Amino acid sequence: MTAEEVYSSYLLWLDGAEPCSLHKMFRFSVANIDVLEDQSRLVNRLIYGIPSMGEDRLRYFLFFEENLFYKDGQGDLYWVRSEYSLW
């Protein structure tokens, strides 16, 4: 999923409320978690939660960016790819 596809889903989720911009939605990070690590790779997730205040409740649009890194023989990380997913 691309950042633009996540943003389109966010706009549909808002249901008419005032949106933030595509660029600003990445300012709402709530967690940075390593979900898998072994001797050759690391999988990391950056979790985002964009708030929206309704008439009587606070809601959050949640998505994450999953990053894959490979490790060399000395443990240095090399970024391979990033993918976005909805929560």
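Residues numbered from 1 in each chain as written. Predicted model: local features only at pLDDT ≥ 70, side-chain atom pairs only at ≥ 80, totals over all residues. Heavy atoms only, no water.

(A) Quick look at the pairing of strand S3 (residues 58–71). Sheet topology note: the strand S2 (residues 41–53)/S3 ladder contains 13 bridges and is antiparallel. From the neighbouring strand, Ile-50 faces S3, where its bridge partner is Phe-61. Where S2 hands over to S3, the hairpin turn is made up of 4 residues, counted between the paired strands. The pairing of S3 with strand S4 (residues 77–86) spans 9 bridges and is classified as antiparallel. Bridge assignment links Phe-64 to a residue of S4, and that residue is Ser-85. Where S3 hands over to S4, the hairpin turn is made up of 5 residues, of which Gly-75 adopts a positive phi near 90°. (Pairing = 2+ DSSP bridges. Helix = DSSP H or I, 4+ residues; strand = E, 2+ residues; numbered from the N terminus.)

(B) Region of the structure containing the sheet that holds S2. An order of S1-S2-S3-S4 is seen for the 4 strands of this open sheet, with the pairing classed as antiparallel. The open sheet terminates on both sides in strands that have one partner only, identified here as strand S1 (29–37) and S4. For this sheet the average axis-to-axis angle between neighbouring strands, irrespective of direction, equals 20°. Where helix H1 (residues 3–14) meets the sheet, its contacts fall on S2, S3 and S4, and the angle it forms with S3 comes to roughly 165°. (Axes fitted to C-alpha atoms, helices over the stretch in contact; angles between N-to-C directions. Contact = heavy atoms within 4.5 Å.)

(C) Local environment of the nonpolar core. Counting 12 residues, the largest nonpolar core is built from Ala-3, Val-6, Tyr-7, Tyr-10, Leu-14, Cys-20, Met-25, Tyr-48, Ile-50, Phe-61, Phe-63 and Tyr-84. Listed by contribution, the elements that provide at least two residues to this core are H1, S2 and S3. The dominant element in this core, judged by the number of residues it contributes, is H1, at 5 residues. Contact partners of Ile-50, with chain neighbours within four places excluded, come to Tyr-10, Trp-13, Cys-20, Met-25, Phe-28, Arg-59, Tyr-60, Phe-61 and Phe-63. (Core = buried A, V, L, I, M, F, W, Y, C linked by side-chain atoms within 4.5 Å. Buried < 20%, exposed > 50% of the residue type's maximum accessible area, 1.4 Å probe, protein only.)

(D) Looking closely at H1. Given a rise of 1.5 Å per residue, 12 residues ought to cover 16 Å, and the 16 Å separating the end C-alpha atoms of H1 matches this to within 8%. Burial in H1 covers these residues: Ala-3, Val-6, Tyr-7, Tyr-10 and Leu-14. Seen end-on, H1 carries its buried residues on one side only, within an arc spanning 100°. Lining the buried residues of H1 we find S2, S3 and S4. One or two steps after H1, the chain reaches Asp-15, where phi turns positive at roughly 55°. (Expected span 1.5 Å × (residues − 1). Arc of directions from axis to C-beta.)

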